[in-house]
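# Examining the three-dimensional arrangement
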Amino acid sequence: MADIPDDLTDVGAHHGNQPPDETGQTVRSPEGPDPGASDAQPSSALFQVLRDASTDRVTIRAHSARAEVKPPEEGEEIGRYRTVEGLRDALAGIGLDERVAVFDDVEANRVLVDADVTADHPWLGQARYPTVTFFETTDEARAFADAHDRPATDG
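We now turn to the structure provided with this report. Just so it is clear, the model here is predicted, and its values are computed rather than measured.

To continue, consider the pattern of salt bridges. Tallied over the full model, the rule gives six salt bridges. Residue aspartate 56 pairs with arginine 99 through a salt bridge whose shortest N-O separation is 3.3 Å. One end of the pair, aspartate 56, is in the loop between strand S1 (45–52) and strand S2 (57–64); the other, arginine 99, is in the loop between helix H1 (84–94) and strand S4 (100–105), and 43 residues separate them in sequence. Since its relative accessible area comes to 21%, aspartate 56 is described here as partly exposed. Arginine 99 gets classed as buried once you look at its relative accessible area, which sits at 9%. With its nearest N and O atoms 3.8 Å apart, the salt bridge here joins arginine 128 to glutamate 107.

Have a look at this one:
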């Protein structure tokens, strides 16, 4: 302890000026959600909504919750959603009332064509249908379904 300056003691409290209690600044922190309101739920999937501008078709692709999803090579990405509610809200903004959907049913190894689709459709957001494509006309949807490797049926 030989290199301590003469004006500082090697034992004791700080002898300098005390810092001011008030600095004249107001610091605010945003309020977060109430941790007691509800339990956090893990995300079941990542839903990617894509639009192909050339054909005006909209596609939903469901990925595992931890998937690293790249932006599409063709078309534009409308958004990514981690909850079914978020997906339904986004689809309500797109306007699916006049569209025809083709559901890729992996469990039954078939594709389903359904002309009565809204954002609240019960099949949307289910793992059984990892890809759902929306078309403007029934003919476009039927042609897409018929070109699939799986047999097509009406939903």
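Turning to the pairing of S1, a few remarks are in order. Burial of S1 is extensive: six of the eight residues sit out of reach of the surface. Here S1 runs beside S2; their pairing, made up of eight bridges, is antiparallel. Bridge pairing in S2 places leucine 50 opposite threonine 59. Between S1 and S2, which pair antiparallel one after the other, the connecting turn spans four residues, and aspartate 56 there sits at a positive phi close to 55°. Where S1 lies against strand S3 (residues 76–81), five bridges are found, and the strand directions are antiparallel. Counted as the bridge partner of glutamine 48 is arginine 80 from S3.

This next bit is on the environment of tyrosine 129. Structurally, tyrosine 129 can be placed in the loop between strand S5 (110–114) and strand S6 (131–135). On a C-alpha basis, the gap between tyrosine 129 and aspartate 104 in space is 5.3 Å, while along the polypeptide they are 25 residues apart. Residues within four places of tyrosine 129 in sequence aside, it is in contact with Phe103, Asp104, Asp105, Leu112 and Trp123.

Bringing the layout of surface pockets into the picture now. As a volume, the largest pocket reaches approximately 250 Å³. Considering the residues around the largest pocket, the lining is formed by Leu50, Arg51, Asp52, Arg57, Thr59, Arg61, Pro72, Glu74, Gly75, Thr131, Thr133 and Phe144. Only S1, S2 and S6 provide two or more residues apiece to the lining of the largest pocket. Tallied by class, the residues present in the lining of the largest pocket amount to three nonpolar, four polar and five charged.

Looking now at empty space enclosed by the protein. Applying the stated rule across the entire model yields one cavity of 30 Å³ or more. Its volume calculated, the largest cavity comes out at about 50 Å³. What lines the largest cavity is simply Phe47, Ile60, Ala62, Trp123, Leu124, Gly125, Gln126, Tyr129, Pro130 and Val132.

Conventions adopted
- Residues numbered from 1 in each chain as written.
- Predicted model: local features only at pLDDT ≥ 70, side-chain atom pairs only at ≥ 80, totals over all residues.
- Heavy atoms only, no water.
- Salt bridge = Lys/Arg side-chain N within 4 Å of Asp/Glu carboxyl O.
- Helix = DSSP H or I, 4+ residues; strand = E, 2+ residues; numbered from the N terminus.
- Buried < 20%, exposed > 50% of the residue type's maximum accessible area, 1.4 Å probe, protein only.
- Pairing = 2+ DSSP bridges.
- Contact = heavy atoms within 4.5 Å.
- 1 Å grid on protein atoms, 1.4 Å probe; cavity = no way out; pocket = protein on both sides within 12 Å on 5 of 7 lines; lining within 4 Å.
- Points joined across faces, edges and corners; volume = space filled by probe spheres on them.
- Nonpolar A, V, L, I, M, F, W, Y, C, P; charged D, E, K, R; others polar.

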